[in-house]
Amino acid sequence: MIGSQDDALKLRLKTMIIEECEKEDITPEELADDVELFSDASGLELDSLDALQISMGLQTQFKIRLGDSKDFRRVVTTINALADYIQPE
Amino acid sequence: MITILGGEILSALGEKERRLKHLSDGTYSTVEKTMTLMGEDLSFAYYTIDDGERNSALSIPLRYLEDVVQKAIDKLSLTSDDLSRCGLFVGSASNDLSLSLPLGQNYDNSQVENVACKRIGNGYYADHLTTHFGLHDFSLTYNTACTSSANAVIDAASMLEGGIIDYALVVGFEMFAPISFEGFAAMQLLSPGKIAPFDRDREGIVLGEAVSALFLSRDDVASSPWCFHGGVSSCETHSVTGANPDGVGVSEVISAALKVADVKESDITAVKAHGTASALNDMAEMNGMKKVFTASPDFFSFKPYIGHTLGSCGSSELLLMLECVDAGFVPGTPNFVNRDEALDWTPLKEKMPCENGLFMLNYFGFGGNNTSIVIEKVKS
Amino acid sequence: MIYIHKTGSVNRKEGEELDVKAAWKVVSPKMIRRTDRFIQLALLGAYKAVGDNVLDKGTALYMASGQGNLAVFKRLRDQRYIHKQPPKPVDFINSLSNTAGFYVAQYFGIYGKNLNVSRQGLVAETTLLLAQNDLELGKEQQILVGGVDELQEPVAFTKRTLGICDERLLGEGSNWMLLSAQQEGALASIDVVKKQMHAADVKECLHTLDKSCKVAFGLRCSKEMIDELLDGAERERFVYEASCGFYETATLYALNSFINEGEGELLFIENYKENFRLIKVNTLPRF
């Protein structure tokens, strides 16, 4: 199943992001699948240190290694896109 | 007037004759260090202290510290009476091994009984040096990341000015620490290749280790052609990871340092930049300098010679500055090739003849800590 | 002469409860993220001193600690050696720099000099001496001085590394005072004696001390040492020890307690390895 269709995978991703960024006041349900995570619209208010924490979370929990910030920005856009990257089919 | 008497340093550059040749020729040497991060082997350059007999025993830091301080004492012919009036200011960004090793061994709480009932941990090195060399009882250990020993210099000068001590020993201490090395990798701040401050294609920091001992005094106690005119440290709360790239915090601390030193920007002969080659630090530093200097001053970075020595770079780079100018030059910046349009100004590529003058030394670190110091070597 | 304008303390003795996070969350729910318990302890203590007052932007901050933020070092150790994981960026940042001082400065909107210093013994006394010198020389106009120590488990291990070999309880605290060279509006004057002293000097000092001056001793002074120093002299003591377990910056708790509870003059005496440091505090009339 392609990642963006896999609700369990997307829930795991959202939970990881909320935990790594310590956004305890936001629930996974409140985080939309198609919103740009690093935009104002996501309501997450993430910065570069959050990007590093998410990068580490992707590596430890999903075995995805993103070498630098350019790779990160290309891959970590929306929950749907990230899920598709992790699980292309 | 606060005088800077000189000192000694252990770094990747080796003994004095060799290090002056490196600094004059724009050459350096690094080793490869590998780490396993998430099952992946990664390799980075590292500037290691040039010492053939090296091992990782706990006694090594103390041996290095005693060795470097003793050499500085011998060089300056300080007496035991001088030392009894000498306060100690240690700057280090790393945890003291005397406690971090037992903590490492006690992770499963199995070593409780094996630890002697004796104060260890932060301040241990300072305490050891005070006892070993019979220093004055005033000592503090500074941990303000990359500005640690630069802030120690400022406070040493202040305590000398207040007459509480007559001599001050500033020690910068940083040795290889796996957690720090891996932490910088996790922050994606390490360069996969070399360290190229202010270069268009700079890719990040290369870390290094250095142990330095620097003595200061007052002109009524001990004279020197070198004097400390003033320094300012401030905390920029823009981001915990460093200075604001717009340069506002950097420019404020530079301006304040010029003010307390009572000199104009146009009087500065050369600037020792922090120059870590991280994309944002170099940007913040250049934007800050541009707000204060009307034209580009001659500036350079010591990081390509000894690496980023973190808490040690304050006193270590100050000492190298004295040695270079005493030898008649200000060094160039190895690895600088291409001008970065966004930075505009470019560092000295080659060494510049220089025998005296006013010098600004800048340091910026995690925790928003920015420090700028102005020193002078007067004409003989 | 320098003056204490505000004081604030958080203090806990081993065995007592203290939910630092919950207490700090009440003050600033926004500044919980990325801060660990040590940092929150620093923030809470500083807030007890400053409250909602606006500090001059140039205010300096000198934070002293016996061992610094050891808990984050332990987390990094466990990540590396037990979980075989790289350091988490947030933990790494919190371990590498004076991050607690950064967050306190950020909360109060101050950008002056921001120090994080440690020492084996006499750390609070030495930091106060540094602050006094900087204020007297006019290097700083106002300094927020704090001492922060967090109690680490297992306590038996921590006690040994602190060199505490008897049965007493440990403690933790975050004690702060706002200092300046201005007398107006101050709670007390403070004089950190500049001279380094040995026991004989302290005896001499106690001998000539005005009878109305109370005396308090630091937690590294043993009962035998106190008896020896007092040498049979009857001195009125200021007692704070009952509410305070051992931690390295407890001196600031003692001074703050005297200013809050007492009135008059206090001579505070502490030692480490045969070196003594003395601090005199004199409360000022309050209107």
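These numbers come from a predicted model, not from an experiment.

Time to look at the overall build of chain C. If you tally the helices and strands in chain C, you get 10 helices and 9 strands. In terms of overall dimensions, chain C is globule-like: its C-alpha atoms have a radius of gyration of 19 Å, near the 19 Å expected for 287 residues. For chain C, the spread of C-alpha atoms along the three principal axes comes to 60 × 45 × 30 Å. Taking all 287 residues of chain C together, the buried fraction comes to 64%. Across chain C, 36 positive and 37 negative side-chain charges occur, with their mean positions spaced 8 Å apart.

Turning our eyes to something else, we now look at the interface of chain B and chain C. With 64 residues of chain B at the contact, the number on the chain C side is 62 residues. The interface formed by chain B and chain C includes 7 salt bridges. Taking the shortest distance from any N to any O, the salt bridge between B:E182 and C:R80 comes out at 2.8 Å. Sorting the residues of the side of chain B that touches chain C by element identifies α4 (97–105), α5 (124–133), β5 (139–142), α6 (148–161), α7 (178–186) and β8 (226–235) of chain B as the ones contributing at least two each. Grouping the constituent residues of the side of chain B that touches chain C by class yields 28 nonpolar, 27 polar and 9 charged. In terms of strand pairing, β5(B) meets strand β3 (residues 114–118) of chain C through 2 bridges, oriented antiparallel. Across the sheet, the residue bridging to B:Y142 is C:V117, located in β3(C).

Disulfide: a covalent bond formed between the sulfur atoms of two cysteine residues. All names here are of chain B. A full pass over the atoms with the stated rule returns 1 disulfide over all chains. Cysteine C146 remains unbridged, with the sulfur of C313 as its closest cysteine sulfur at 6.1 Å. Overall, the relative accessible area of 5% leaves C146 in the buried class.

Residues and elements named next belong to chain C. When cut into domains, chain C gives domain 1 (2–189) and domain 2 (191–283). On a C-alpha basis, the centres of domain 1 and domain 2 stand 23 Å from each other. Taken together, the contact between domain 1 and domain 2 spans 40 residues of the former and 33 residues of the latter. Here domain 1 is connected to domain 2 by 1 salt bridge. The partner of E136 in a salt bridge is K194, and the shortest N-O contact between them spans 3.1 Å. Connecting domain 1 to domain 2 are 19 residue pairs in polar contact (both at pLDDT 80 or more).

Each partner contributes residues to the interface: chain C has 12 residues there, and chain A has 13 residues. The junction of chain C with chain A conceals about 1,000 Å² of combined surface from both sides, 51% of it contributed by carbon and sulfur atoms. The largest share of the area that chain C buries against chain A comes from C:R33, C:R34 and C:P89, three residues that together contribute 54% of it. At the surface where chain C touches chain A, the tally comes to 5 salt bridges. For A:D50, the salt bridge identified is with C:R34, shortest N-O distance 2.9 Å. Taken together, the connections running from chain C to chain A amount to 7 residue pairs in polar contact (both at pLDDT 80 or more). Considering every element that reaches the side of chain C that touches chain A, the biggest residue donor is helix α4 (residues 89–96) of chain C, with 3 residues. When grouped by side-chain class, the residues that make up the side of chain C that touches chain A number 6 nonpolar, 1 polar and 5 charged.

All right, on to the pattern of salt bridges then. Following the criterion strictly, the structure yields 48 salt bridges over all chains and no others. The salt bridge partner of C:D91 is C:R75, with a shortest N-O separation of 3.2 Å. One end of the pair, C:D91, is in helix α4; the other, C:R75, is in helix α3 (residues 70–82), and 16 residues separate them in sequence. Among the charged side chains, a network of salt bridges with common partners joins B:D81, B:D82, B:R85, B:D166, B:R218 and B:D220.

With that settled, consider the pairing of strand β7 (residues 214–217) of chain C. On a regular strand, one side chain projects to one face of the sheet and the next to the other, so that they alternate. Residues and elements named next belong to chain C. Because side chains alternate across β7, one face comprises the buried residues K214 and A216, and the other comprises V215 and F217, equally buried. Note: β7 against strand β8 (residues 265–272), 4 bridges, orientation parallel. Bridge assignment links V215 to a residue of β8, and that residue is L267.

Cut-off values and rules
- Residues numbered from 1 in each chain as written.
- Chains lettered and ligands numbered in written order.
- Predicted model: local features only at pLDDT ≥ 70, side-chain atom pairs only at ≥ 80, totals over all residues.
- Heavy atoms only, no water.
- Helix = DSSP H or I, 4+ residues; strand = E, 2+ residues; numbered from the N terminus.
- Rg over C-alpha atoms; globule rule 2.2 N^0.38 Å.
- Buried < 20%, exposed > 50% of the residue type's maximum accessible area, 1.4 Å probe, protein only.
- Lys, Arg positive; Asp, Glu negative; His and termini not counted.
- Charge placed at Lys NZ, Arg CZ, Asp CG, Glu CD.
- Contact = heavy atoms within 4.5 Å.
- Salt bridge = Lys/Arg side-chain N within 4 Å of Asp/Glu carboxyl O.
- Nonpolar A, V, L, I, M, F, W, Y, C, P; charged D, E, K, R; others polar.
- Pairing = 2+ DSSP bridges.
- Disulfide = S-S within 2.5 Å.
- Domains from an automatic or database assignment.
- Polar contact = N/O pair within 3.5 Å; in protein donor to acceptor, adjacent residues only side chain to side chain.
- Buried area = accessible area lost by both parts, 1.4 Å probe.

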